Amino acid sequence: MNRFNKIFAYSSVFLISLCLLVVFLLAFRAIPFGADTMDVGHFYLEDAAKSTGSANIVTAVVLGFRGFDTLGEVMVLFLGAVGLGLVLSSQKDSTHSPAKTFPSLILKTMADLVFPFIVLFGIYIFMHGHISPGGGFPAGAVLASGYLLLFLSQRGGYHIRLAQRVETGSGLVFVIVGLAGLYFSGFFLHNFLPVGRLGSLYSAGIIPVLYSLIGIKVGAELGGIIYRLFGE
Amino acid sequence: MGILSAFLILIMSVAAVFAVHTKDLIGASLLLGFVSLISAILFYLLQAPDVAMAEASIGAALTTAIFIMAVKKTKRFEDE
């Protein structure tokens, strides 16, 4: 009886997987593999650089055609930072703190040397987001890793109040730029500035402005997260 | 390029397996940072420099630091 059950179970599993295989094969036959079905992709590849003035097509999509989604993305990061701040500030008075260690001379010297270059690189990435690979989010992360070096070497010099003001201000200016697009050309976050010559630094209208704002905002946010974790 | 990628992927998988199996949580986070670093190099080799930048700064630097701070706020070794 037991043996019969086992055979029944195995054969039913086999039959079900066979049926699923047939169904999937039939379904996959309907998909034209190798053929072009995405019209929007072709539109982006051919037209995005011309119509937004951004040589980096990823940036053209992220800020030119999908700017509102990017606003939502920035919002998600902001909510994550706020949630972390809430969780960490609720257990601030727990007495057991990690043993205080002091940074070595090598770390301190190298942090002094490298920190300005990291910040410069971050600023470079977000200012050139429309002509070279990169953009606001990686730039913010690079800036925050510079702050991380600052915290590891225990230099201090990170003003959390100022960072919060900067973060709030850049988020606000992002929305104001979007509203200016609504005012001047009738669509939220519409590119109302002149597009300029493709590939030059001052081109692509509002896209470099928005990416700079995003870079500053993300950098301040991630820096704030590190500040709260290192608990000064 | 193919041999280099294969070598990097091999190191990456070994580091990932060790990260799962080690009992030392700080060591595990460092290994995860190493995995992120190598995947950043792989992204660069696959001609995605923007993703490589994000992976190197977020995955290798920030996430590792945040993991280590979280581990320091708890206990370092995992009980069996």
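Refer to the structure above for everything that follows.
These numbers come from a predicted model, not from an experiment.

With that out of the way, let us pick up helix 8 (residues 207-230) of chain A. Taking 1.5 Å per residue as the helical rise, helix 8 of chain A with its 24 residues ought to reach 34 Å, and the 34 Å between its terminal C-alpha atoms agrees with that figure. Along helix 8 of chain A, 20 of the 24 residues are buried, which leaves the element largely enclosed by surrounding structure.

In this section: the nonpolar core. Residues Phe174, Leu210, Ile214 and Leu222 of chain A together with Leu62 of chain B are the most contacted members of the largest nonpolar core, which totals 33 residues. For this core, the elements supplying multiple residues, two or more each, are helix 4 (67-90), helix 6 (136-152), helix 7 (160-185) and helix 8 of chain A together with helix 3 (49-73) of chain B. The leading source of residues in this core is helix 8 of chain A, at 12 residues. When residues no more than four places from it in sequence are discounted, the contact partners of Phe174 of chain A are Leu71, Leu189, Leu210, Leu213 and Ile214 of chain A. One finds Ile118, Phe126 and Leu143 of chain A together with Met53 of chain B within the second-largest nonpolar core, a separate group that totals 9 residues.

Here we come to the interface of chain B and chain A. Contact residues are listed per partner, giving 13 residues for chain B and 19 residues for chain A. Both faces combined, the contact of chain B with chain A buries some 1400 Å², and carbon together with sulfur accounts for 80% of it. Sorting the residues of chain B by area buried against chain A places Met53, Leu62 and Lys73 of chain B first, and these three jointly supply 38% of that buried surface. For the pair chain B and chain A, the interface holds 0 salt bridges. When its residues are assigned to classes, the side of chain B that touches chain A shows 9 nonpolar, 1 polar and 3 charged.

The rules behind the values
Residues numbered from 1 in each chain as written. Chains lettered and ligands numbered in written order. Predicted model: local features only at pLDDT ≥ 70, side-chain atom pairs only at ≥ 80, totals over all residues. Heavy atoms only, no water. Helix = DSSP H or I, 4+ residues; strand = E, 2+ residues; numbered from the N terminus. Expected span 1.5 Å × (residues − 1). Buried < 20%, exposed > 50% of the residue type's maximum accessible area, 1.4 Å probe, protein only. Core = buried A, V, L, I, M, F, W, Y, C linked by side-chain atoms within 4.5 Å. Contact = heavy atoms within 4.5 Å. Buried area = accessible area lost by both parts, 1.4 Å probe. Salt bridge = Lys/Arg side-chain N within 4 Å of Asp/Glu carboxyl O. Nonpolar A, V, L, I, M, F, W, Y, C, P; charged D, E, K, R; others polar.

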